[in-house]
Amino acid sequence: MPLDAADLSALIGLCREEIELHCEHLGRLDSAIGDGDHGANMRRGLEAVYRERDAISVLPLPAALERIGLVLVMSIGGAAGPLYGTLLMELGRGLAARDLAARELAVRELDAREEETDFAAVLAVAVTAVARRGRSGPGDKTLLDVLYPVQAELASHAAPVRIAECARLAARGTEMMLARRGRASYLGERSIGHEDPGASSCALLTMTICHYFKEQAPS
Ligand code: ADP
Ligand code: MG
């Protein structure tokens, strides 16, 4: 589904609301295996993006995503800021490069399925950039444990409800993992039995975005 300025502005508002609603919960998750600031960090990030939403949502999508990434890096702080920032900035850059290549090759308009395949490929590169930035990989008990399966679902053209459910379960699946990166890794075995806060915020945002797409899809 192509995103226009109204969609982007609405999505920014919905993501901000979702984080606001779960701010304390994210803080509690982070208190169990980190320093308790993840909810506040994410709230600060989403508030900053929300304040800029009018300027952001009129930009072409690649530039808008890149700008959101930059605002997140500057506002979230902690470990999560550069990681979420990298994700959004790389998504923006990847989509910009794809648009440029399509223009140069004068490729015909892509259909919805091809657009999805393209987006999934760009997301794969962005997720890899996050992994490189965090020097982390699958099973390390981080937000990547949500991003990898979500990307895989998108690549297989799963419906938004299915992607949302996948994100929810993936975040829950971090509970049994041993943290190998970030503050939680200092706890060693004691990190087992708690859901990762970054994975949880990532699932909440994914579910919010998927819900929006489901509502917008022609029935
Ligand atoms: P901080 O750990 O600096 O207090 P936050 O609490 O905002 O930052 O974010 C913690 C989350 O960031 C973790 O739950 C985890 O998902 C993610 N995270 C931390 N370090 C890494 C890393 N090296 N690679 C990937 N994700 C990480
Ligand atoms: Mg923290």
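Located above this text is the structure these notes cover.
Predicted model only: the values in this text are computed from it and were never measured. (Residues numbered from 1 in each chain as written. Chains lettered and ligands numbered in written order. Predicted model: local features only at pLDDT ≥ 70, side-chain atom pairs only at ≥ 80, totals over all residues. Heavy atoms only, no water.)

Some words on the nonpolar core
Going by this rule: By convention a nonpolar core is built from buried Ala, Val, Leu, Ile, Met, Phe, Trp, Tyr and Cys residues, the set being connected through side-chain atoms within 4.5 Å. Note on exposure labels: buried denotes an accessible area under 20% of the residue type's maximum, exposed denotes more than 50%, and partly exposed covers the range between, all computed with a 1.4 Å probe on protein chains only. Helix numbering and strand numbering both begin at the N terminus, where a helix is a DSSP run of H or I of at least 4 residues and a strand a DSSP run of E of at least 2. Whether two residues touch is decided by their heavy atoms; if any such pair falls within 4.5 Å, the residues are in contact.
Of all hydrophobic cores here, the largest spans 48 residues; its most connected members are Ile68, Tyr84, Leu87 and Val146. Elements with a minimum of two residues in this core: helix H1 (5-21), helix H3 (38-51), helix H5 (61-76), helix H6 (80-104), helix H7 (112-134), helix H8 (144-155), helix H9 (160-173) and helix H10 (197-216). If we skip the residues at most four places from it in the chain, Ile68 touches Ile12, Val49, Ile56 and Leu88.

Here we look at the site of ligand 1
The test is simple: Here a residue is near a molecule or strand as soon as one of its heavy atoms is found within 4 Å of it. Pairing of N or O atoms within 3.5 Å defines a polar contact, subject to two protein rules: one partner must be a possible hydrogen donor and the other a possible acceptor, and residues neighboring in sequence count only if both atoms are side-chain atoms. Per-residue and other accessible areas follow the Shrake-Rupley method at a 1.4 Å probe size, with only the shown protein chains counted as cover for residues.
Around ligand 1 there are 20 residues in total, and Asn41, Ala79, Gly134, Ser136 and Asp196 lie nearest to it. Within the contact set of ligand 1, an oxygen atom lies 2.8 Å away from a side-chain nitrogen or oxygen of Asn41. Ser136 places a polar side-chain atom, nitrogen or oxygen, 2.8 Å from a nitrogen atom of ligand 1. Coverage of ligand 1 by the protein chains reaches 92% of its 560 Å² of free accessible surface. Every element with two or more residues in the shell around ligand 1 is listed here: H3, H6 and H10.

Comments concerning the coordination of the magnesium ion (ligand 2)
Rules: Donor atoms are limited to N, O and S found within 2.8 Å of the metal ion, a distance that becomes 3.2 Å for Na, K and Ca. With water left out, some sites might look partial.
Around the magnesium ion (ligand 2), the protein contributes the donor atoms Asp30 (OD), Asp35 (OD) and Asp37 (OD), which lie 2.0 to 2.2 Å from the metal centre. Overall, the relative accessible area of 9% leaves Asp30 in the buried class.

Some details on the packing of H3 against H5
Heads up, the rule is: A fitted line through C-alpha atoms represents every axis, and for helices the fit uses only the stretch in contact; the resulting angles, taken between N-to-C directions, go from 0 to 180 degrees. Relative orientations are named as follows: roughly parallel for angles under 35 degrees, roughly antiparallel for angles over 145 degrees, roughly perpendicular for angles from 65 to 115 degrees, and oblique for any other angle. Crossings are sorted by hand: turned counterclockwise from the far helix by less than a right angle, the near helix makes the crossing left-handed, and turned clockwise it makes it right-handed.
Taken N-terminus to C-terminus, the directions of H3 and H5 make an angle of 140°; their axes are 8 Å apart at the nearest point. Looking at the two axes, H3 sits oblique to H5. The interaxial crossing formed by H3 with H5 has right-handed handedness. Side by side, H3 and H5 meet where Asn41, Met42, Arg44, Gly45, Leu46, Ala48 and Val49 of the first sit next to Ile68, Val71, Leu72, Ser75 and Ile76 of the second.

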